[in-house]
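# Residue-level structural notes
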Amino acid sequence: MIRPDWIDLSASEIHRQEVSADVCVIGVGAAGIYLAKQFAIQGRNVVLIEAGLPKCIDSSAIGFDCLFEGAHYPGATEGRFFGMGGSTSRWGGALVPHSAHDLRDDVILNDVWPYIVRTVDEYALNVLQQLGYPHGRDFENIAIQYLGNAASALRDSDINVQSGLYLPFRIKNFVTLLDDVSRKALAPTVFYNAVAKSWSVQGSENRGCSRVDSVLAISRNHKELLVRAEKFVVAAGAIESARILLEINESGSQPVIRSSAAIGCYLADHLSVSVADVASSSLNMAATLFAPRFVGSWMRGFRFLESGVPRTAPRAFAHFIFENSSSGFELAKELMGAIQGRCIPAINATSVIAGMGDLMRLAYYRFAHSKFYIAPGTQAHLQLDMEQGAIRDNRVSLTNQKDMYGRKVACIHWKVTEEDMTNIAATARSFLSKWSNLSGDLPYLEPKVIGNDGTKPYDAYHPVGTCRMGEGVESVVDLNLKVWGVRNLWVASTGVLPSAGTANPTFTLLCLTHKLAVHLQGVH
């Protein structure tokens, strides 16, 4: 295998350097890394620019703070990380496809969900192979295999079961993909501590022929890197990708992206809320049925999707959360998290001794039963994740305030509406009413109060919508993820999804990214 060249821009011996590439990718997160590997396999000269360091840090530590109008949006703070691997250095590693559950009967002309679902169907196997999963696309079949009669009973009540796939800890951080490139490939070059600051763009959107010539990146100590490329891909996350596009649009004397594109608008997330507790008499049944399983080093979890919903219903899914707080579990989580983040675990002898017994039970269940150990009596609840309604005024915009790199600071306007709360309550009632018909075969659930006097939702750090794809006038990118009005600029981030849908967004993003790599192979 060959390894990429890792270059710290701040350590450069010269103030300014210039490089050329076939493709320049902004962002070394999931999509950027996946694309870079595909381009390397194709034999393309690829340069990646990453604002962070080898060890990932949050947005505030890197100087990428946002301003907020109204409610604070945690997805812009706690949910964003910069450095090698981006948010994959901290995420849970869940791979779940969007599917026919994301389709609705009232599909309008500009609705892209049918296209997204077809793309997932077409490229899911390619993505799983690239990630090293050997068993193919088995999200539905393996759930039925594990749950048997329980899965059949649920299906008879219009609740389908899906088995999410969780990456092994050693490859949760996607940067490991760049360490495993064939010798026949062309090694990518990665500049880190390199913040994309300014763009050189020729033409204007009025002529429909604008083109990015180069991007200038700077380090904290003001070393500069100028990258010229034939193609540019912004893969910097939903919020930062929108900020960059807004910045590109202001780079010349007149806008370069088509004026009707709703750049930064329709920011949305999954709203996550606990809708029911598992009754104490059913805790062991819930753990027996729905504790995560292992297939080799891969973990499988379960999630539930309601079928037969009204055509106007928001997309949603549900899953059990087990409040496993044993010292052994916390120790294992710290050790595995350190492996994922490529850092030293924060543990001491006392925590090791306290957690050793539970750690041994975790290991025994893992290898003897291929199952995640959940202690008897562990509290559990049912979590509902529902997509937020698309509101144009939920947006990312630019302010006149400058950050430490001289770039305009992003401002986020985001709120959870009364309609969102109404939809959560209605979705929960519909789901729980179907579940209650199966109380003899499944754990008994005790519904919670949702609203001002009860449980309130929080976002799941799944930002979408800011660079939405499609063919409508407000779409920012087309179905090939190319920015409308710019010939050689593409976006690969969860921001291209029109809404959060019925799944975590990363797997679908990887399918769209794989298709983009195939598409760009034929674009000259």
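What you see is a predicted model; the values in this text were computed from it and never measured. (Residues numbered from 1 in each chain as written. Predicted model: local features only at pLDDT ≥ 70, side-chain atom pairs only at ≥ 80, totals over all residues. Heavy atoms only, no water.)

## Observations regarding the packing of helix α3 (residues 113–131) against helix α12 (residues 506–521)
Note the threshold: Axis lines are fitted to C-alpha atoms, over the contacting stretch for helices. Their N-to-C directions set the angle, which ranges from 0 to 180 degrees. Labels follow the DSSP assignment, with helices taken as runs of H or I lasting at least four residues and strands as runs of E lasting at least two, numbered in each case from the N terminus. Relative orientations are named as follows: roughly parallel for angles under 35 degrees, roughly antiparallel for angles over 145 degrees, roughly perpendicular for angles from 65 to 115 degrees, and oblique for any other angle. Contact between two residues is taken to exist if any of their heavy atoms lie within 4.5 Å; hydrogens are not considered.
Here α3 crosses α12 at 85°, and the two axes come no closer than 7 Å. Classified by the interaxial angle, the pair formed by α3 and α12 is roughly perpendicular. Packed against α3, whose contacting residues are Y115, I116, T119, V120, E122, Y123, A124, N126, V127, L128, Q130 and L131, the element α12 presents F507, T508, L510, C511, L512, H514, K515 and V518 at the interface.

## Digging into the sheet that holds strand β5 (residues 67–70)
Filter applied, for reference: Note on pairing: two strands pair once DSSP finds at least 2 bridges between them.
Ordered in space as β5-β19-β18, the three strands form an open sheet in which the pairing is mixed. One side of each edge strand has no neighbouring strand; the edge strands of this open sheet are β5 and β18 (395–402). Neighbour to neighbour, the strand axes of the sheet diverge by 30° on average, direction disregarded. Direction of pairing for β18 relative to strand β19 (residues 408–414): antiparallel, over a ladder of five bridges. From the neighbouring strand, K402 faces β19, where its bridge partner is K408. Running at roughly 60° to β18, helix α7 (residues 238–249) makes contact with β18 and β19 of the sheet.

## Here we look at unusual backbone geometry
The condition that has to hold: Burial here depends on accessible area, computed with a 1.4 Å probe over protein chains only, as a share of the maximum for the residue type. Under 20% is buried, over 50% is exposed, and the range in between is partly exposed.
The residue N193 is not glycine, and still its phi comes out positive at about 55°. Mapped onto the fold, N193 is located in the loop between β9 (189–192) and β10 (195–202). Take N193: its relative accessible area is 7%, and that puts it in the buried class. We note that L481 has phi near 70°; this positive angle belongs to a residue other than glycine. In this fold, L481 is placed in the loop between β21 (458–459) and β22 (489–491).

## Here's the deal with the environment of L178
Secondary-structure assignment places L178 in the loop between α6 (169–172) and β9. For L178, a relative accessible area of 0% corresponds to the buried category. Sequence spacing of L178 and Y34 is 144 residues, and the spatial spacing of their C-alpha atoms is 8.3 Å.

## A word on the environment of P314
Looking at where P314 falls in the secondary structure, it is placed in the loop between β15 (298–306) and β16 (316–322). Under the relative-accessibility criterion, P314 is labelled buried at 18%. Considered as a pair, P314 and G501 are 187 residues apart in the sequence and their alpha carbons are 8.0 Å apart. Once you skip the residues sitting within four places of it in the chain, P314 turns out to touch R104, M386, E387, N423 and T427.

## Some thoughts on helix α1 (residues 30–41)
Note the threshold: A helix is expected to span 1.5 Å for every residue after the first.
The end-to-end C-alpha distance of α1, which contains twelve residues, comes to 17 Å, matching closely the 16 Å that a straight helix rising 1.5 Å per residue would cover. Of all the twelve residues making up α1, eleven are buried; the element is thus mostly covered by neighbouring parts of the structure. Those residues of α1 that sit buried are A30, A31, G32, I33, Y34, L35, A36, K37, Q38, F39 and A40. Looking at the packing, one finds that the buried side of α1 touches β2 (16–26), β3 (46–49), α3, β12 (224–234) and α12. Following α1 by one or two positions, G43 has its phi on the positive side, about 85°.

## Details of the pairing of β16
Most of β16 is tucked away, with six of its seven residues classed as buried. Sheet topology places β16 next to strand β17 (residues 380–387); seven bridges connect them, and they run antiparallel. Bridging from a neighbouring strand, I321 pairs with H381 of β17.

## So, the packing of aromatic side chains
Here is the rule: Note on aromatic pairs: the rings of Phe, Tyr and Trp (six-membered ring only in Trp) are paired at centre separations within 6.5 Å, and the planes decide the class, stacked below 30 degrees, edge-to-face beyond 60, tilted for the rest.
Counting across every chain of the model gives 17 aromatic pairs. Relative to F174, the ring of W91 has its centre 5.9 Å away and its plane inclined at 75°; by these criteria the two rings are edge-to-face. Placement of W91 in the loop between β6 (81–82) and β7 (94–95) and of F174 in the loop between α6 and β9 is noted, with a sequence separation of 83 residues between them. Exposure remark for F174: the relative accessible area of 0% places this residue in the buried category. Arranged with centres 6.4 Å apart and planes meeting at 50°, the rings of F290 and W435 form a pair that is tilted. Here the residue F290 occupies a position in helix α8 (residues 283–290), and W435 occupies one in helix α11 (residues 418–436), the gap between them amounting to 145 residues.

## Focus: empty space enclosed by the protein
As a reminder of what qualifies: Cavity: a set of points on a 1 Å grid over the protein atoms alone where a 1.4 Å probe fits but cannot get out. Pocket: an open set with protein on both sides within 12 Å along at least five of seven lines, its lining residues, like those of a cavity, having an atom within 4 Å of a point. Grid points are joined across faces, edges and corners, and a volume is the space filled by probe spheres set on the points. When residues are sorted by character, Ala, Val, Leu, Ile, Met, Phe, Trp, Tyr, Cys and Pro go into the nonpolar class, Asp, Glu, Lys and Arg into the charged class, and all the rest, Gly among them, into the polar class.
For the coordinates displayed, the defined rule picks out two cavities of 30 Å³ or more. Taken together, F64, D65, C66, R80, I239, E240, R243, D403, R407, K408, V409 and A410 make up the lining of the largest cavity. Of all the elements in the fold, those that place two or more residues in the lining of the largest cavity are α7 and β19. Residue composition of the lining of the largest cavity, by class: five nonpolar, no polar and seven charged. There is about 40 Å³ of room inside the second largest cavity. In terms of lining, the second largest cavity is formed by Y115, L479, N480, L481, L512, K515, L516 and H519. Taken together, the residues of the lining of the second largest cavity sort by class into five nonpolar, two polar and one charged.

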